[in-house]
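Fold and contact review
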Amino acid sequence: MSFDEQEPVKRRSGKVGPIEIRATRPSDAEAIAAIANLPGFRAGTLRLPFQSVEETREWLEKPAPNSTRLVAEVNEQVVGNAGLNRLSGRRMHIGQIGMGVHDDFTGCGVGSALLAALVDSADNWLAIKRLELTVFVDNAPAIRLYEKFGFETEGRLRAFAFRNGEYVDAFTMARLRL
């Protein structure tokens, strides 16, 4: 089943608001784990089913060095999360990003708000020249979002991951600040 064929039970469309972007905190573990276990969210990531709250809490309590982790909230409900990990050594000019949005809040501006915050941090605070990501080739909404922010497809990674009983391809995309 492709990403576009997976319909959440209560899919919303249009804007919601206001969307608040803030740094993650350990108390977000339960909300982030619940989102990570939603079928649409999981289909766009490398996460396995049944993400535990304990695993998520440990991930939040032990962030990678040089990482930025954000959540999006609507009416004090966590509806998405995103991260930026700066590389080191001769690749310290590069940041790798990942993000996801609650199934019920796709198409509502949450992804745009999260990505705008990551790009702002990379450009204006971290002096990151290159942002990289991978995205499954059948995730058209995410690809459109990334293109809107200046990301370009650089290649196709064949049989990139095993998802829902089959191997799926991914695009590698990047945005260069010139």
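Here the structure is a predicted model, which is why all the values come from computation and not from measurement.

Rules used in this analysis
- Residues numbered from 1 in each chain as written.
- Predicted model: local features only at pLDDT ≥ 70, side-chain atom pairs only at ≥ 80, totals over all residues.
- Heavy atoms only, no water.
- Salt bridge = Lys/Arg side-chain N within 4 Å of Asp/Glu carboxyl O.
- Helix = DSSP H or I, 4+ residues; strand = E, 2+ residues; numbered from the N terminus.
- Axes fitted to C-alpha atoms, helices over the stretch in contact; angles between N-to-C directions.
- Parallel < 35°, antiparallel > 145°, perpendicular 65-115°, else oblique.
- Left-handed = near helix turned anticlockwise from the far one by under 90°.
- Contact = heavy atoms within 4.5 Å.
- Nonpolar A, V, L, I, M, F, W, Y, C, P; charged D, E, K, R; others polar.
- UniProt positions renumbered as here; feature names shortened; annotations may be inferred.
- Patch = residues over 30% accessible without salt bridge, like charges linked within 9 Å, V, L, I, M, F, W, Y side chains within 5 Å.
- Areas by Shrake-Rupley, 256 points an atom, 1.4 Å probe, with all protein chains shown as cover.
- Lys, Arg positive; Asp, Glu negative; His and termini not counted.
- Charge placed at Lys NZ, Arg CZ, Asp CG, Glu CD.
- Buried < 20%, exposed > 50% of the residue type's maximum accessible area, 1.4 Å probe, protein only.
- Pairing = 2+ DSSP bridges.

The next subject is the pattern of salt bridges. All chains considered together, the criterion is met by nine salt bridges. A salt bridge links arginine 91 to glutamate 132, with the nearest nitrogen and oxygen atoms 3.0 Å apart. Here arginine 91 is found in the loop between β3 (77–86) and β4 (94–101), whereas its partner glutamate 132 is found in strand β5 (residues 130–136), with 41 residues between them in sequence. With its nearest N and O atoms 2.6 Å apart, the salt bridge here joins arginine 163 to aspartate 138. Note that arginine 163 is positioned in strand β6 (residues 152–163) and aspartate 138 in the loop between β5 and α5 (140–148), a separation of 25 residues in sequence. Each member of the salt-bridge network shares a partner with another, and the members are Arg91, Arg130, Glu132 and Glu154.

This next bit is on the packing of helix α1 (residues 29–36) against helix α3 (residues 53–61). Across the interface, α1 lies against α3 with an axial gap of 8 Å and an inter-helix angle of 120 degrees. By the angle class used here, α1 and α3 are oblique. Crossing handedness for the pair α1 and α3: right-handed. Where α1 abuts α3, its residues Ala29, Glu30, Ile32 and Ala33 lie against Val53, Thr56, Arg57 and Leu60. Split by residue class, the contact of α1 with α3 holds five nonpolar, one polar and two charged.

As a further point, take the UniProt feature "domain: N-acetyltransferase" (unreviewed entry) in the chain. Per the UniProt entry, the sites bearing "domain: N-acetyltransferase" (unreviewed entry) are residues 19–174 in this numbering. The distance separating the terminal C-alpha atoms of residues 19–174 is 26 Å; by composition the span is 29% helix and 38% strand.

The subject of this paragraph is a negative patch on the surface. Taken together, the side chains of Glu54, Glu55, Glu58 and Glu61 make up a negatively charged region of the molecular surface. Counting through the fold element by element, glutamate 61 comes out in helix α3. Overall, glutamate 61 belongs to the partly exposed group, its relative accessible area being 48%.

Now for the pairing of β3. Of all ten residues in β3, seven are buried, a share of seventy percent or more. Relative to β3, strand β2 (residues 67–74) runs antiparallel, the two sharing eight bridges. Bridging across to β3, leucine 70 finds its partner in alanine 82. What sits between the antiparallel neighbours β2 and β3 is a turn of two residues, in which asparagine 75 has the positive phi angle 50 degrees. Where β3 lies against β4, seven bridges are found, and the strand directions are antiparallel.

Right, let's talk about unusual backbone geometry for a bit. Phi angles above zero are rare outside glycine, and asparagine 75 is one such case at about 50 degrees. Mapped onto the elements of the fold, asparagine 75 is located in the loop between β2 and β3. Look at asparagine 75 and you get exposed, because its relative accessible area is 65%. With a phi angle near 55 degrees, alanine 127 is a residue other than glycine that sits in the positive phi range. Position of alanine 127 among the secondary structure elements: in the loop between α4 (110–124) and β5. You can call alanine 127 exposed: its relative accessible area is 52%.

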